[in-house]
Amino acid sequence: MREIERQFDLSEEEKVLFEALIQTKTHFELETVIRVAGGWVRDKLLNRVNKYDVDLALSDISGQEFANKFVEYLSEFHPNERQKFNVIKANPDQSKHLETATGIFFGIDVDFVCLRNEEYTSNSRIPVTTPGTASSDALRRDLTINSLFYNIESDTVEDYSEMGLQDLEIGIVRTPLDPVVTFNDDPLRILRSIRFACRLDFDIDPCLLDAAKQDEIRDGFMNKISKERVFKEISEAFITNAIVLLEVLVEINYLPIVFGVEIDGKGFYRLYNNLKVISSDGDITKQEKDSILMTYLSFIYLGFDGDIKKYLPVPKTYIKMIKKVNDINSSVWSHHSMRQTIGQILHIAGEFGYYAIAVLNAVKDMEMSMTECLAFVEEEDLEYCMTLKPKVNGNELINRFNRRRGRWMKECLDLSIMWQIDDPNVEKEELFVRFDEYLSKQQ
């Protein structure tokens, strides 16, 4: 094991929490070694913003047992602090392999769980879990950078893989064990490796990529992992660094496995750059994340007429938007003026309008860059098209032309939108005159 002194700051809340945990051990005369595990340690060492969650790994006691003693200690010595926790039963499908006690203490989300060993069978990525040691717990983790511990009593960082600290320094994603063994046990770790490379802008150990290419690992990936888990991992990777995700999936030849289609690399790069033009800086909202993910999927499945859910459990809202972008791609380009083209895209896509432009600009010759498209929308005052409705309705058409309902009504309403895009101030009566001329020509 490699061990170094703590090289990061603790918040006041963390100091109070850790001291209370140590005092709990002393008060009940426990032999337990209390460590913080995983992501908290990694992010502290990388000086990344921590969202106040701490995963405790306990050496010789279950999470629930220690949590019981902790709240008993708090009730006596910190009576104003919350003295309640919940127990989350083991749920391997959600990567919860041991019962976990969880609660909020001193403003920090805290999970209590004992150190563990994991044993895998050949046909499942869900392990049989038993209590373990710090070494076994570290080595069973997905990546070296996630296998580090912070010992709250010795105030040191413990690196049982003896590679985690080094890999954080040089910026590389690597497995604690042979990647063939790690991926054979749990092929989802292929995507987790890619996700962390995307998130941290780290390189991926070539040994991981070679392991992922092996037939046995590919078979396990296709047969052991639920589509829901695959979708969750790639969704997060798309948001953080879609280019790295694409490049790695291409290199290991997993595009057909994950998406069921090949992807136009040049168009994808254009889309990536288009999204940089319209995405906000800093933290993005959930709505923005959904829009970005829908944008990439709309591009990937442009022209695809199969069942997307055969490959990914895409939400219905995503499917609807993917279909809209496909409809735009197959219909809008018959219009001649740029105002009509962009206005129609904004109208059909609604609040997703700018993202739809990003997709279509990446695959079509729109004669303008994404930046120029946005400037054109502003100059032509076209943003209203996203909420534009026809100035006439179906009943008015029936009454005016004394016709039965039919396809002609949709044609007229579509024309109304087009004419309103050309001239937002066009009067309703003028629309009826134009409808009359159009319908006369159709007879």
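How each quantity is defined
- Residues numbered from 1 in each chain as written.
- Predicted model: local features only at pLDDT ≥ 70, side-chain atom pairs only at ≥ 80, totals over all residues.
- Heavy atoms only, no water.
- Core = buried A, V, L, I, M, F, W, Y, C linked by side-chain atoms within 4.5 Å.
- Buried < 20%, exposed > 50% of the residue type's maximum accessible area, 1.4 Å probe, protein only.
- Helix = DSSP H or I, 4+ residues; strand = E, 2+ residues; numbered from the N terminus.
- Contact = heavy atoms within 4.5 Å.
- Pairing = 2+ DSSP bridges.
- Disulfide = S-S within 2.5 Å.
- Axes fitted to C-alpha atoms, helices over the stretch in contact; angles between N-to-C directions.

Caption draft 1: Structural context of the nonpolar core. Grouped together as the largest cluster of nonpolar side chains are 122 residues, with contacts concentrated most on Phe112, Phe259 and Leu297. For this core, the element with the most residues is helix α10 (residues 227-251), which contributes 12 residues. Here phenylalanine 259 is in contact with Ile234, Phe238, Leu249, Leu297, Ile300, Tyr301, Tyr311 and Leu312, once residues within four sequence places are set aside.

Caption draft 2: Structural view of the environment of proline 256. For proline 256, the location among the structural elements is in helix α11 (residues 255-258). For proline 256, a relative accessible area of 33% translates into the label partly exposed. C-alpha of proline 256 to C-alpha of alanine 358: the two residues are 102 residues apart in sequence and 24 Å apart in space. Excluding residues within four positions of it along the chain, proline 256 makes contact with Val261, Glu262 and Tyr311.

Caption draft 3: Geometry of the pairing of strand β2 (residues 34-37). Side chains Ile34 and Val36 of β2 all project onto a buried face; the interleaved residues Arg35 and Ala37 project onto the opposite face, where all are buried too. Relative to strand β9 (residues 149-151), β2 is paired through 3 bridges, and the arrangement is antiparallel. When the bridges of β9 are listed, valine 36 appears paired with tyrosine 150.

Caption draft 4: Focus on the state of the cysteines. A full pass over the atoms with the stated rule returns 0 disulfides. Here cysteine 373 is not disulfide-linked; the sulfur of cysteine 385 is the nearest cysteine sulfur, at 14 Å. Taking relative accessible area as the criterion, cysteine 373 reaches 0% and is therefore assigned buried. Left unpaired, cysteine 412 is separated from the closest cysteine sulfur, that of cysteine 385, by 20 Å.

Caption draft 5: Region of interest: the sheet that holds strand β5 (residues 100-105). Strand order in the open sheet made by the 8 strands is β1-β10-β9-β2-β3-β6-β5-β4, with mixed pairing throughout. Each edge of the open sheet is held by one strand with a lone partner, namely β1 (2-5) and β4 (86-88). The average angle at which neighbouring strand axes cross in this sheet is 30°, direction not considered. The pairing of strand β3 (residues 53-58) with strand β6 (residues 108-114) spans 6 bridges and is parallel. When the bridges of β6 are listed, valine 54 appears paired with valine 110. Against the sheet, helix α1 (residues 12-27) makes contact with β2, β3, β5, β6 and β9, and its axis sits at roughly 35° relative to β6, the strand it touches most.

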